[in-house]
Amino acid sequence: MFGIWGKSGGAWWFGVFAAAAFARADVPASEFRFDRDTFAFANQTVFEYHEGHASLRKSSATKKDAYNRHCFVMSRTVAQFKKFARFEPRSAPLDDASLAARIRDLTRHATWAEPLPENQRIVFPGYKDLKEMSKAHRELVQLNIGHGWPSYFRISNARMMFQDGKGYQEKTHARLNAMLARRELFVAFLTTYPRFTINHSVLIYKLKSSSPNPGVDRYLVYDPNHADLPRELTWSSHDRAFSYQKDWDFIGGVVRVYQVYGEPLQ
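Residue numbers here run from 1 along each chain, matching the order of that chain's written sequence. In keeping with the model being predicted, local features are shown solely for residues with a pLDDT of at least 70 and side-chain atom pairs are shown and tallied solely at 80 or more, while totals for entire chains, interfaces and linings include all residues. Here the side-chain values reflect all heavy atoms present in the structure, with hydrogen atoms and water set aside.

A.B. asks: So what about the packing of helix H4 (residues 71-84) against helix H5 (residues 96-107)? Which residues, and what values?
C.D. replies: Across the interface, H4 lies against H5 with an axial gap of 9 Å and an inter-helix angle of 95°. Between H4 and H5, the crossing angle belongs to the class labelled roughly perpendicular. Along its contact with H4, which presents Arg 76, Thr 77, Gln 80, Phe 81 and Phe 84, the element H5 presents Ile 103, Leu 106 and Thr 107. Note that Gly is not counted as nonpolar here; it falls among the polar residues with everything else outside the nonpolar set of Ala, Val, Leu, Ile, Met, Phe, Trp, Tyr, Cys and Pro and the charged set of Asp, Glu, Lys and Arg. For the contact of H4 with H5, the class distribution of residues is 4 nonpolar, 3 polar and 1 charged. Lines fitted to C-alpha atoms define the axes here, with helix axes fitted over just the stretch in contact, and angles between the N-to-C directions of these axes take values from 0 to 180 degrees. Helix and strand assignments follow DSSP, with helices taken as H or I runs no shorter than four residues and strands as E runs no shorter than two, numbered in order from the N terminus. Roughly parallel covers angles under 35 degrees, roughly antiparallel covers those over 145, roughly perpendicular covers 65 to 115, and oblique covers all other angles. Residue contacts are counted whenever heavy atoms from the two residues lie within 4.5 Å of one another.

Rendered as structure tokens:
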């Protein structure tokens, strides 16, 4: 045996195999893609908005508006699917009861935990990605990713009342950039407290490679209120502040950003 390794190239093949195995172990997680890794449905707002200003929703609201107050749950669960799930489109899909149980199993994984290796991930057969599965089973997914009301009572929400300075936002900006550089996802709480023109959770997944303005960082964001396209968050080093994109549900402008689900009790 030892002579074969030395003379017939066995040792060379062993070296190639070891190098390949090491390379696979060192490969970073696949890049987050909005068209693949987000929900096909949107979180419906409690209020109606006109030019970013809220008003009471009319009584004629349709049944689809019932799925609201889930922005934290949706942002958290998208991160969990990215870190702990694997899709196998060529396998037979699960029945509804089994799929529901598997989704609940996934949401029990702590969002701040390290991503699971591919061979230890929770498998979702019959679909190529989260977008496709959540489109095919919208109500089932909504019923099993968690309730929205607990997000109002998160201990970490209190930060908006006493950690509101520019220094804290600078630290958040540095932490955000460090996480994105490691290809990690950053679940964020956006607020304009005490005005409450926005009180919302999103998932920040990418720092754009370039910005036309020096001192400005631009980020791509998954916003549960918008299932169609990513939104944009910016950081201004001059103002030492974040700003969020204007849309029908937000007037646009400066917001405070707090990380959530990054550690226990956060």
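A.B. asks: Before we move on, can you summarise the pairing of strand S8 (residues 231-236) with the specific residues and values?
C.D. replies: Side-chain positions along a regular strand alternate between the two faces of the sheet. Taken across its 6 residues, S8 has 6 buried, putting it largely inside the fold. Side chains of S8 alternate between two faces, with Arg 231, Leu 233 and Trp 235 and Glu 232, Thr 234 and Ser 236 buried alike. Pairing geometry for strand S7 (residues 216-222) and S8, over 6 bridges, is antiparallel. The partner of Arg 218 across the bridge, within S8, is Thr 234. Residue burial is assigned from relative accessible area. The probe radius is 1.4 Å, only protein chains are included, and a residue is buried under 20% of its type maximum, exposed over 50%, and partly exposed in between. Being paired, for any two strands, means DSSP has found at least two bridges between them.

A.B. asks: Report on the nonpolar core, specifying residues and quantitative values.
C.D. replies: What we call a nonpolar core is a set of buried Ala, Val, Leu, Ile, Met, Phe, Trp, Tyr and Cys residues that are connected through their side-chain atoms within 4.5 Å. Ranked by internal contacts, the top residues of the largest apolar core, which has 39 residues, are Phe 39, Phe 81, Ile 103, Phe 124, Met 133 and Leu 203. Looking at which element gives the most residues to this core, the answer is H4, with 8 residues. Formed by 18 residues, the second largest nonpolar core is a distinct cluster that contains Leu 176, Leu 180, Leu 190 and Val 257.

A.B. asks: Hey, could you go over the sheet that holds strand S6 (residues 199-207) for me, with residue numbers and the actual values?
C.D. replies: What the 6 strands build is a closed barrel, ordered S5-S6-S7-S8-S9-S10; its pairing is antiparallel. For this sheet, the mean angle separating the axes of adjacent strands, direction not counted, is 45°. H4 rests against strand S5 (186-191), S6 and S7 of the sheet, and its axis sits at about 25° to S6. Contacts between helix H9 (residues 166-181) and the sheet are confined to S5, S6, S7, S8, strand S9 (241-244) and strand S10 (253-259), with S10 contributing the most and set at about 65° to the helix.

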